[in-house]
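Working through the structure, step by step
Next come the chains, spelled out residue by residue.
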There are 2 protein chains.
Amino acid sequence: MPLPPSRATLIEVATLAGTSKTSVSRFFGPERDKLSPALCARIERAAHTLGYRPNLMARGLKGGGSRLLGMLVADIRNPFSVALVHGVEQAARAQGYSLIVCNTDNDPVLEQTQLATLAAYQVEGLIINASGQPEAPLQALMHSGVPLVLLDREVNQLKADVIGLDNAQAIDMALEHLVLQGYRSVLYVSESPTQASTRQARLIRFEQQARPRGLTSRTLLLNSLEPDAVLPTLKAFAQSAGPAAVLCGNGNVTLALARGFQRLGLAMGPVGLMGIDELDWCALIAPGITTLAQPTDAIGRAAVTCLLNQLKSTTPATVLHRHAPRLCPRGSTQLSSFTPEESNNP
Amino acid sequence: MPLPPSRATLIEVATLAGTSKTSVSRFFGPERDKLSPALCARIERAAHTLGYRPNLMARGLKGGGSRLLGMLVADIRNPFSVALVHGVEQAARAQGYSLIVCNTDNDPVLEQTQLATLAAYQVEGLIINASGQPEAPLQALMHSGVPLVLLDREVNQLKADVIGLDNAQAIDMALEHLVLQGYRSVLYVSESPTQASTRQARLIRFEQQARPRGLTSRTLLLNSLEPDAVLPTLKAFAQSAGPAAVLCGNGNVTLALARGFQRLGLAMGPVGLMGIDELDWCALIAPGITTLAQPTDAIGRAAVTCLLNQLKSTTPATVLHRHAPRLCPRGSTQLSSFTPEESNNP
DNA sequence: CTGTTAGCGCGTTCAA
DNA sequence: TTGAACGCGCTAACAG
């Protein structure tokens, strides 16, 4: 009988150990050292044979806190989001917190519901990767004392910490790389930037920085990731004069454009292709797709650290809010059609 | 002030509405119709202005149930697992349940911890995608009355419902496809099947069915997905006589082998490549990789249905345990190097 | 060091 | 139809 879970209660353990609830409670709390070794041993044994584990719901009810963190994710099927969840979950567990993850499938309505659910479970803190602009509910939550951190995307008017990629730096790195590789004109492709602050930030930076670096720039905003949405512009762009490259605002866009290249029979490299977000298959396609990898684990960890700082509100140990990407150069941004020995990049 | 969450209590609402806790409780429970319209209106308004939402932790404490389902995932960074989570979460939400997801990173030790955590939060049911063989803890959980469903992978000796792919059918479909395409010898590549029942089931079926279908068969078991682990065998196999194809036991293996093909400069098609699990990029690589897609949403939905049946234990509405895959034929299993007009397959 | 008492926010008797 | 009283499992005062 290895681990008969939870269903035993504090009282049962207490009676079996011939003591009171309080001592048992102390045994499982931070005051274990205030108990005599003898008592400890008795409780230890009783709890073990009963397979007792504290009921965290009941604990949360009093003052102990639920030890629960809530996380809202805009699109759980996006590998980038999953990587964030993974990082957050690891960091939370390391601090003794559990995570309840709610997906919103990029639906602002569902987002409101999920937020309410999270609040109803008395989470001690919230990590928000917003779909829409749930400013009001979040404002209310903050006002009612729930610590809160924004992940990857900001929310209008909401004064809260935002943890994520340094978008300006990412665009700068991309442009610098493309210039260095000899490209003279760049098409920036992004999903509709109205909902997501990250997309806006990248787009704006691109528009600011492309010309100063001597690049001819052009922009394509996508409402759909269907191949057909990309084809006409891509086709025209590929025929433009001079060495030209496409820069993709995120992983989804990179996927859509890789499809576009395939449909049009375009060779990567002669027409450059580069994307923000690193994906499993980027090293696999033809000469390899150059990417900017986000440090997702670090971002997730930073979010948790930041949140817990707010909770303990002591040591304002500053955490890094803007994280630098890592360049993974591959064949898709090499103008010369000379195929390199090794196009992988770990 | 749109949604000041949760922090208001039943009592505050009651006093503001000039009534008692009980009535408010009823208003939010299934007995709302036993209240006079007048009272309903008053409570409605009071609750609204206070932004009251029932505290689900407290509710779970009594008899009401926590409305929480727990889910254990072996590897949250695997797109297949994520798809399952997505399906489960949708179905759970549709039934008014929330989901707390714990990742185990394929670590049996961490798995035990996470299981204990889930139990401690008084989840009403458990959906388990096992990493190891946590037979004892699960047995104990079942014994203590927690409904439980196994997802994708079985656990030794544990008598519980298992929901997932029909592995035998999947292997059969794959072999049939390969035979039809003219391949005469097949190499089956799998990760180490010791921990995961699914891998065993597929492997065994392959070994049983390959010869009867007139195929020369060979097997490669991987302890690592590094390219080097694949290369020697793959190289030798590619030089074997007659039309030969590689069959990959899951998405990770498909990725590893696609890398292997690339490293060796092997053309897909002339040497066949096929995999279980559909991934974003399978249609993108060279002539397209043929796959067997798992109906992840249906599987997730079935798991929740099955679990909820156990909870209500009324209507033993049977759910489908073994789900059929869907074949996505592409160029990687076409012997003739003739490139098809369209190698995509939705 | 240890036990007693009093709630946490809620659902559920049971009377009224 | 409504309300008062009790208890869920636990922690936090406050005594002994």
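Please refer to the structure placed before this passage.
From a predicted model like this one, the values you see are computed outputs, not experimental measurements.

Comments concerning the protein's contact with DNA strand C
As a matter of local geometry, DNA strand C sits amid 25 residues, with A:T19, A:T22, A:S36, B:L10 and B:Y52 nearest to it. Among all atoms of DNA strand C positioned within 4 Å of the protein, those belonging to sugar or phosphate total 54%. Between a phosphate oxygen of DNA strand C and a side-chain N or O atom of B:S25, the distance comes to 2.8 Å. For the surface near DNA strand C, the secondary structure elements donating two or more residues are α2 (21–28) of chain A together with α2 (21–28) and α4 (56–61) of chain B.

Side note on the environment of A:V155
Residues and elements named next belong to chain A. Looking at the element boundaries, V155 is found in the loop between β4 (148–151) and β5 (161–165). Accessibility expressed as a relative area gives 4% for V155, which makes it buried. For the pair V155 and D297, spaced 142 residues apart in the sequence, the C-alpha separation amounts to 22 Å. Beyond its immediate chain neighbours, meaning those up to four positions away, V155 contacts A130, Q133, P134, E135, L138 and L150.

With respect to the sheet that holds strand β11 (residues 322–323) of chain A
All names here are of chain A. Taken together, the 6 strands give an open sheet; going across it, the order is β2-β1-β3-β4-β5-β11, and neighbouring strands pair in parallel fashion. Two strands in the sheet have a free side with no partner beyond their single neighbour: β2 (98–103) and β11. Those strands touched by helix α6 (residues 108–120) are β1 (68–73), β2 and β3 (125–128), and its axis lies near 175° from that of β1.

Some details on the interface of chain B and chain A
The interface of chain B with chain A comprises 57 residues on the first partner and 57 residues on the second. Taken over both partners, the interface formed by chain B and chain A buries close to 5400 Å², and the fraction arising from carbon and sulfur atoms is 61%. When the buried surface of chain B facing chain A is broken down by residue, B:M57, B:Y121 and B:L284 rank first, second and third, together holding 14% of it. Counting across the interface, chain B meets chain A through 0 salt bridges. Elements supplying a minimum of two residues to the side of chain B that touches chain A: α4, α5 (79–94), β2 (98–103), α6 (108–120), α7 (135–143) and α11 (251–264) of chain B.

Some thoughts on the environment of A:R218
Residues and elements named next belong to chain A. Mapped onto the fold, R218 is located in strand β7 (residues 216–222). Given the relative accessible area of 45%, R218 is considered partly exposed. For R218 and P295, which are 77 residues apart along the polypeptide, the C-alpha to C-alpha distance reads 28 Å. The residues touching R218, leaving out its near neighbours within four places in the chain, are V186, L187, Y188, F206 and T233.

Regarding the protein's contact with DNA strand D
Close contacts around DNA strand D come from 24 residues, with A:L10, A:K21, A:S25, A:Y52 and B:T19 the closest. In this structure, A:T22 approaches DNA strand D through a side-chain N or O atom, which is 3.1 Å from a base nitrogen. For the surface near DNA strand D, the elements supplying multiple residues, two or more each, are α2 and α4 (56–61) of chain A together with α2 of chain B.

Considerations on the packing of α5(B) against helix α12 (residues 296–312) of chain B
Residues and elements named next belong to chain B. It is the contact of α5 with α12, at a shortest axis distance of 7 Å, that shows an interaxial angle of 50°. By the angle between their axes, α5 is oblique relative to α12. Considering how the two elements wind past one another, α5 and α12 form a crossing that is right-handed. Contacts from F80, A83, L84, H86, G87, V88, Q90, A91 and A92 in α5 reach T296, D297, I299, G300, R301 and V304 in α12.

Quick word on the pattern of salt bridges
Residues and elements named next belong to chain B. Taken as a whole, this structure holds 18 salt bridges over all chains when the rule is applied. Across the salt bridge formed by E31 and R26, the nearest N and O atoms sit 3.9 Å from each other. One salt bridge connects D152 with R153, and the closest N-O pair in it is separated by 4.0 Å. Both residues of the pair, D152 and R153, belong to the buried class.

Observations regarding α6(A)
Residue and element names in this part refer to chain A. The first and last C-alpha atoms of α6 sit 19 Å apart over 13 residues, in line with the 18 Å expected at 1.5 Å per residue. Within the sequence span of α6, burial applies to L110, E111, Q114, L115, A116, T117, L118, A119 and A120. Phi turns positive, to about 60°, at Q122, one or two residues after α6.

Side note on the sheet that holds strand β11 (residues 322–323) of chain B
Residues and elements named next belong to chain B. Read across the open sheet, the 6 strands follow the order β2-β1-β3-β4-β5-β11; overall the sheet is parallel. Each of the sheet's edge strands pairs with one partner strand only, and the pair in question is β2 and β11. Strand direction decides the pairing type here: strand β1 (residues 68–73) and β2, joined by 6 bridges, are parallel. In the sheet register, G70 faces β2, and the bridge partner there is I100. Strands β1, β2, β3 (125–128) and β4 (148–151) of the sheet are contacted by α5, whose axis makes an angle of about 175° with β1.

Let's talk about the relation of the copies chain B and chain A
When chain B is fitted to chain A, the residual RMSD is 0.1 Å, and the transformation amounts to a turn of 180° plus an axial shift of 0.0 Å. Within this description, the copies of the chain are treated as partners about a two-fold rotation axis. The C-alpha atom lying nearest the rotation axis in chain B is that of B:I100; the distance is 2.4 Å. Interface overlap between copies is the fraction of interface residues in one copy that are interface residues in the other; for chain B against chain A it reaches 100%, indicating a shared surface.

Cut-offs and rules
- Residues numbered from 1 in each chain as written.
- Chains lettered and ligands numbered in written order.
- Predicted model: local features only at pLDDT ≥ 70, side-chain atom pairs only at ≥ 80, totals over all residues.
- Heavy atoms only, no water.
- Near = heavy atom within 4 Å.
- Polar contact = N/O pair within 3.5 Å; in protein donor to acceptor, adjacent residues only side chain to side chain.
- Helix = DSSP H or I, 4+ residues; strand = E, 2+ residues; numbered from the N terminus.
- Buried < 20%, exposed > 50% of the residue type's maximum accessible area, 1.4 Å probe, protein only.
- Contact = heavy atoms within 4.5 Å.
- Pairing = 2+ DSSP bridges.
- Axes fitted to C-alpha atoms, helices over the stretch in contact; angles between N-to-C directions.
- Buried area = accessible area lost by both parts, 1.4 Å probe.
- Salt bridge = Lys/Arg side-chain N within 4 Å of Asp/Glu carboxyl O.
- Parallel < 35°, antiparallel > 145°, perpendicular 65-115°, else oblique.
- Left-handed = near helix turned anticlockwise from the far one by under 90°.
- Expected span 1.5 Å × (residues − 1).
- Least-squares fit on C-alpha atoms with pLDDT ≥ 70 in both.

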